[in-house]
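Listed below, chain by chain, are the residues.
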Amino acid sequence: MRACVDIGGTKVAVSLSADSTSPLIGRRSEPTAKTGDNDAVALQILRLIDEICAEQGIAADSIDRVGVSSAGPFVLRDGMVELATPNICGGIAGPARGLPNQWMTAIVEAPLKRRFDHVRVENDAVAALEAERRWGALQGADHCAYVTWSTGVGVGLCVDGRILHGKNGNAGHAGHSFVVDDDSNALCGCGNVGDVEGLAAGNSIARRFGHPAADLFAAAAAGDPQALATTDALCRVMGRMLYNLVATLDLQRISLGGSVFWNNRDFLLPRLQAQVDGKLVALTRGAVLVPAGLGDKVGDYAALALLD
């Protein structure tokens, strides 16, 4: 049996599967642990696996493979992944971000490896990219990306049919790139001021504008002028990042997911595509933005895609 784990800045979700062709069962989701010692997320995962096994009548010791799809960045300690995730580790940007811990990293891989024979941890956007290439909207694409616009902003990249990882598995962190002038009101959890995530991520929207992303986009869709101006500015930020990916890597297709995008996809997709179209046509002609083929389940299948 396999355990599929999705770690985000807002929630941790765990499911089980017999193999990569079997449906996911027993899904449990709860807010990401952010208090106590910095192994709290790993302990949360172990508890959720045990609870699902008990609920499903599955022996816990039958779980031998665990795939972890997690928001990054990562650092490696003794060859094992720890999370340096700005929306989980409060020590990175300090008290101004309001997280209830002082963690610089969250230990994940080492506690899991003490119990399970095979553990694979990947950046959540990279794992989602693998899932989208296998089952979703990126099937048949050798020059592509998956972008999540959610609590944070993450990117997984594939060029010439090869998924990019980088020295610590952090390739694709375009959410921490700069596309406009610094904004002193846009502190990212990574400590940057005015990067893409600091300006446009779900938690940043609430911090900057005083309204949850859901309320802002609902008002824009209803035609509120101020909300439309704000969402147009957000689409400009995200659209510039997407254009930069296309221009830098010569991409043919980008799959978009994450709660902010997915819950507002009909509103956002044409506005984001318009930020790419027409700019240096030799690079952008034929570059298409598409909704994630796996929809709001992409995070669950991302972890499963790691376990072949």
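Residues numbered from 1 in each chain as written. Predicted model: local features only at pLDDT ≥ 70, side-chain atom pairs only at ≥ 80, totals over all residues. Heavy atoms only, no water.

Draft legend 1. Local environment of the overall build of the chain. Check the secondary structure of the chain and you find eleven helices and 13 strands. Its C-alpha radius of gyration of 19 Å places the chain within 12% of the 19 Å reference for a compact globule of 308 residues. Across its three principal directions, the C-alpha atoms of the chain cover 55 × 45 × 40 Å. Of the roughly 12600 Å² of accessible surface on the chain, a fraction of 50% belongs to carbon and sulfur atoms. Across the chain, the 27 positively charged side chains and the 34 negatively charged ones have centroids separated by 3 Å. (Helix = DSSP H or I, 4+ residues; strand = E, 2+ residues; numbered from the N terminus. Rg over C-alpha atoms; globule rule 2.2 N^0.38 Å. Areas by Shrake-Rupley, 256 points an atom, 1.4 Å probe, with all protein chains shown as cover. Lys, Arg positive; Asp, Glu negative; His and termini not counted. Charge placed at Lys NZ, Arg CZ, Asp CG, Glu CD.)

Draft legend 2. Local environment of helix H1 (residues 40-56). Look at H1: 24 Å from first C-alpha to last across 17 residues, which is about the 24 Å you get at 1.5 Å a residue. Where H1 is concerned, the buried positions are Ala-40, Val-41, Ala-42, Gln-44, Ile-45, Leu-46, Leu-48, Ile-49, Ile-52 and Cys-53. Elements that come into contact with the buried residues of H1 comprise strand E1 (2-7), strand E2 (11-17), strand E3 (25-31), strand E7 (106-107) and helix H2 (109-113). Remark: Gly-57 follows H1 within two positions and exhibits a positive phi of approximately 70°. (Expected span 1.5 Å × (residues − 1). Buried < 20%, exposed > 50% of the residue type's maximum accessible area, 1.4 Å probe, protein only. Contact = heavy atoms within 4.5 Å.)

Draft legend 3. Here's a closer look at the packing of helix H3 (residues 124-135) against helix H11 (residues 298-305). At a closest axis distance of 7 Å, the pairing of H3 and H11 adopts a crossing angle of 90°. By the angle between their directions, the pair H3 and H11 is classed as roughly perpendicular. In this structure, H3 uses Asp-124, Ala-127, Ala-128, Glu-130, Ala-131, Glu-132, Arg-134 and Trp-135 to contact H11, whose residues at the interface are Val-298, Tyr-301, Ala-302, Leu-304 and Ala-305. (Axes fitted to C-alpha atoms, helices over the stretch in contact; angles between N-to-C directions. Parallel < 35°, antiparallel > 145°, perpendicular 65-115°, else oblique.)

Draft legend 4. Representation of helix H6 (residues 213-221) within the structure. Among all positions of H6, only Ala-213, Leu-216, Phe-217 and Ala-220 are buried. In an axial view of H6, the angular spread of the buried residues amounts to 90°, which keeps them on one side of the axis. Among the structural elements, strand E9 (144-149), helix H5 (202-209), helix H7 (225-249), helix H8 (259-262) and helix H9 (265-276) are those in contact with the buried residues of H6. Positive backbone phi, approximately 95°, marks Gly-223, located one or two places after H6. (Arc of directions from axis to C-beta.)

Draft legend 5. Geometry of the packing of aromatic side chains. Counting across every chain of the model gives three aromatic pairs. Ring centres of Trp-149 and Phe-217 lie 6.1 Å apart, and the angle between their planes is 85°; on these two criteria the pair is classed as edge-to-face. Taken together, the positions of Trp-149 in strand E9 and Phe-217 in helix H6 put the pair 68 residues apart, joining distant regions of the chain. Among the residues examined, Phe-217 registers a relative accessible area of 1% and is labelled buried. Taken together, a centroid distance of 6.1 Å and an interplanar angle of 70° make the contact between Phe-217 and Phe-267 edge-to-face. Residue Phe-217 is located in helix H6, and its partner Phe-267 is located in helix H9; the two are separated by 50 residues in the primary sequence. An aromatic cluster is defined as three or more aromatic residues linked by ring pairs; in this entry it consists of Trp-149, Phe-217 and Phe-267. The positively charged end of Arg-265 is found above the aromatic ring belonging to Trp-262, 4.1 Å away from the centroid. (Phe/Tyr/Trp six-rings, centres within 6.5 Å; stacked < 30°, edge-to-face > 60°. Lys NZ or Arg CZ within 6 Å of the ring centre and 35° of its normal.)

Draft legend 6. Main features of the pattern of salt bridges. Counting across every chain of the model gives 14 salt bridges. A salt bridge links Asp-6 to Lys-11; its shortest N-O distance comes to 3.4 Å. By relative accessible area, Asp-6 is classed as buried at 11%. Judged by relative accessible area, which is 32%, Lys-11 ranks as partly exposed. Put simply, Arg-28 and Glu-51 hold a salt bridge, and the shortest N to O gap is 2.7 Å. Pair noted here: Arg-28 is in strand E3 and Glu-51 is in helix H1, with a separation of 23 residues, a long-range link. A relative accessible area of 29% places Arg-28 in the partly exposed class. (Salt bridge = Lys/Arg side-chain N within 4 Å of Asp/Glu carboxyl O.)

Draft legend 7. Seen up close, the environment of Leu-280. In this structure, Leu-280 sits in the loop between H9 and helix H10 (281-284). The exposed category is assigned to Leu-280, whose relative accessible area is 52%. Between the C-alpha atoms of Leu-280 and Trp-262, which are 18 residues apart in sequence, the distance is 28 Å.

Draft legend 8. Representation of the nonpolar core. In terms of nonpolar packing, the biggest core is built from 58 residues, with Trp-149, Met-241, Leu-242 and Leu-272 touching the most fellow members. The element best represented in this core is H7, accounting for ten residues. In contact with Leu-272, other than residues within four places in its own chain, are Trp-149, Cys-235, Met-238, Gly-239, Leu-242, Leu-256, Phe-261 and Leu-289. Counting residues in each nonpolar core, the second largest holds 31 residues, with Ile-49, Ile-63, Phe-74 and Leu-112 among its members. (Core = buried A, V, L, I, M, F, W, Y, C linked by side-chain atoms within 4.5 Å.)

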